[in-house]
Amino acid sequence: MKRALFLGALVLLATACGGVETGGGGNAGKALDYLAADSATVILVSTDVDGEQWDGIDEHVYRPFAENGDDAPATLEGYFVQTAEEIGLDWDDDVKPLLGNDIAIGIEGEPFDLLGGEGESGATAALETREGDLEDVLEKAGLRPAGEASGATLYRRGGGGSMSIAVDGDVLVVSEDEDTLRRALARPGGGGGLDVKAVEEAFADLPEEALVRAYGTAERLADQEQLRRFASLPLMEALESWALTARFARDELDVDAVARLDESKVDEEDLPLVTGEESPEIVLRDREISGGNRNQSQTTVFLLRALRLGYPDSRFIEAVDAVEKELGIDFEEEILRQFDGPSASYVSPDGRTFAARSEVRDPEALRALLPRLAPHLPQLAEGLQGLQSQGMALLFLFAPDAPAAAPMQGVTVDPPETEDGLYRISGLTGDGPSELHLGLIGDVFVVASSEEAAREIAEAPTREAEGAKGAGVLRADLGRLGRDDSTMVPFPFDAEELVASLQASTKELRARVRVELD
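A few points on the structure.

Conventions we followed
Residues numbered from 1 in each chain as written. Predicted model: local features only at pLDDT ≥ 70, side-chain atom pairs only at ≥ 80, totals over all residues. Heavy atoms only, no water. Helix = DSSP H or I, 4+ residues; strand = E, 2+ residues; numbered from the N terminus. Axes fitted to C-alpha atoms, helices over the stretch in contact; angles between N-to-C directions. Parallel < 35°, antiparallel > 145°, perpendicular 65-115°, else oblique. Left-handed = near helix turned anticlockwise from the far one by under 90°. Contact = heavy atoms within 4.5 Å. Buried < 20%, exposed > 50% of the residue type's maximum accessible area, 1.4 Å probe, protein only. Polar contact = N/O pair within 3.5 Å; in protein donor to acceptor, adjacent residues only side chain to side chain. Pairing = 2+ DSSP bridges. Phe/Tyr/Trp six-rings, centres within 6.5 Å; stacked < 30°, edge-to-face > 60°. Lys NZ or Arg CZ within 6 Å of the ring centre and 35° of its normal. Salt bridge = Lys/Arg side-chain N within 4 Å of Asp/Glu carboxyl O. Expected span 1.5 Å × (residues − 1). Arc of directions from axis to C-beta.

### Some words on unusual backbone geometry
- At Ser150, a residue that is not glycine, the phi angle is positive and equals roughly 55°.
- Even without a glycine there, the phi angle at Arg250 is positive, about 55°.
- Secondary-structure assignment places Arg250 in the loop between strand 9 (239-249) and strand 10 (252-261).

What follows is the structure in structure tokens.
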């Protein structure tokens, strides 16, 4: 938590010091020289408070917050003026002239450590100032010179404390501790800093004008304990790097992310989604979150293989093995591969209302298998619950979006009472639905939290999700959910609609998130 707060403080250092307009791609300038060439993660933050990105924060984030606060300045610039005054600075004369370039933040070591994971990491931020007297500003803010390192002046607060701030000419450098700071200051002269070309290549096919940009390599991620267990997955072996941008564009907040792959190490069948730009249609809902998958079996097979590698001794894998042995079937081929057509689902924010439908490859074969499979459903669902602490509980037997039940006692599976009836699983406790209804309605497989929802979604009309690209789609009416559902986590913007999509190829996985702002 301490390091996560430190990272946030580095970003606030930039936002507390407005800027002048920069080029479309931003410009960190000499600041990159102070970041390690092998940084696990690099983050660039725009400081152009007079530009479109900070106008977006002012309009859609700060002002709605200020309207609900007590004695908060009415505008974001007013907040900057107030903040500067609190530390003895004048916003227009002292602070604002300093900026214009992006602040560059580099994370060394284990990137998950900054978010509370295991391992060791360090963070450094650097900013090449445009104008103004940087040293004078620091002294006005209560910092005093406290020695030198690699020709730079070290600063500490007048009351003492560690030295983690330095000025090297017109560059301000801030680190988590003195050792990290001294390493950063030694890089410009020793050639160990970040390569500008590496930064340009990382963002080459992502939007240029962005509030925040970040990228990293796969090498450090593969060493993380959370991911090491999946290292032999072809997708993980092929992962080379990732990058993302977040930006305001007109009345939208856009987040674009890409994970780049070595296509010589991965085949289409190794991906979590089928390839191509084509997207599935969704069942449009106002009070639930809608989802769609162009080929659901591609996702469930990928997740099953990941579970077999990462958690081979889990209760779920034991349950799958038992089903295969007792029924003499291949779980992947005879069950999961059945769902190779488009699927559509919706789920309420609290997880208690859920429905999904899937087109299946051979409805009659599945219809014949269900009576033999049904007695095993409680063990499979309970096994998934055992994985919830590892974040794997979303893989339900027939639908990746289905919520898993909490620890179960007295769970029963009732067979259909009529020829067109559904199986009923009852006795589920804890978060999520208290029961599930599943089966075939015509040639469509359905699973839902009630029989009414199962029958409704079987024939519900579908439509395209505007702006979606790729086989995986999610859509939410944030305006309606925020007003009507007390369980919905508040979105930090006045938002109307969210559409997210994921597109896969053997070269990359590309995610797009579009939030329509009020």
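### Considering the packing of helix 11 (residues 296-310) against helix 12 (residues 315-327)
- Where helix 11 contacts helix 12, the two axes come as close as 10 Å, and the packing angle between them is 110°. The orientation of helix 11 relative to helix 12 falls into the category roughly perpendicular. Of the two possible hands of crossing, helix 11 and helix 12 adopt the one that is left-handed. From helix 11, Leu304, Leu307 and Arg308 reach across to helix 12, where they touch Phe316, Ile317, Val320, Asp321 and Glu324.

### What to know about the side chain of Ser39
- Its location among the elements puts Ser39 in the loop between helix 1 (2-15) and strand 1 (41-45).
- Note on Ser39: relative accessible area 7%, which makes it buried.
- Looking at Ser39, its side chain comes within polar contact range of the main-chain oxygen of Ala36, at 2.6 Å.
- If sequence neighbours within four positions are ignored, Ser39 has contacts with Gly106 and Ile107.

### Things to note about the pairing of strand 11 (residues 289-293)
- The element strand 11 is extensively covered by neighbouring structure, given that four of its five residues are classed as buried.
- As judged from the five bridges shared by strand 11 and strand 12 (residues 343-347), these two strands associate in the antiparallel manner. Among the inter-strand pairings, Gly292 is bridged to a residue of strand 12, identified as Ala344.
- As defined by bridge partners, strand 11 adjoins strand 18 (residues 472-477) across four bridges and the pair is classed as antiparallel. Counted as the bridge partner of Ser290 is Arg475 from strand 18.

### Quick look at the packing of aromatic side chains
- Using the criterion set out here, one finds seven aromatic pairs in the structure.
- Aromatic pair Trp54 and Phe80: ring centres 6.4 Å apart, planes at 70°, arrangement edge-to-face. Taken together, the residues span a long stretch of sequence, with Trp54 in helix 2 (residues 52-67) and Phe80 in helix 3 (residues 76-86) at a distance of 26 residues.
- Residue class for Phe80 comes out buried when judged on its relative accessible area of 4%.
- Relative to Tyr215, the ring of Phe203 lies with its centre 5.6 Å away and its plane at 85°, an arrangement referred to as edge-to-face. Residue Phe203 is found in the loop between helix 7 (196-202) and strand 8 (212-217), and its partner Tyr215 is found in strand 8; the two are separated by twelve residues along the sequence. No difference in accessibility class separates Phe203 from Tyr215, as the two residues are buried.
- The rings of Trp54, Tyr62, Tyr79, Phe80 and Trp91 are connected pair by pair, giving a single aromatic cluster.
- Sitting over the ring of Phe203, Arg213 keeps its end group 4.9 Å from the ring centre.

### Overview of the pattern of salt bridges
- One pass over the full model with this rule turns up 28 salt bridges.
- Where Glu333 meets Arg337, a salt bridge forms, and the shortest distance between an N and an O atom there is 3.7 Å.
- Accessibility expressed as a relative area gives 37% for Glu333, which makes it partly exposed.
- Where Glu364 meets Arg367, a salt bridge forms, and the shortest distance between an N and an O atom there is 3.4 Å. One end of the pair, Glu364, and the other, Arg367, are both in helix 14 (residues 363-373), three residues apart, so they sit about a helical turn from each other.

### Here we look at helix 6 (residues 178-190)
- The terminal C-alpha atoms of helix 6, which comprises 13 residues, lie 19 Å apart, in line with the 18 Å expected from a rise of 1.5 Å per residue.
- Buried within helix 6 we find Thr180, Leu181, Ala184, Leu185 and Arg187. Looking straight down helix 6, one finds its buried side chains confined to an arc of 140°; they lie on one side. The exposed residues of helix 6 that point more than 90 degrees off its buried face are Asp179, Gly189 and Gly190.

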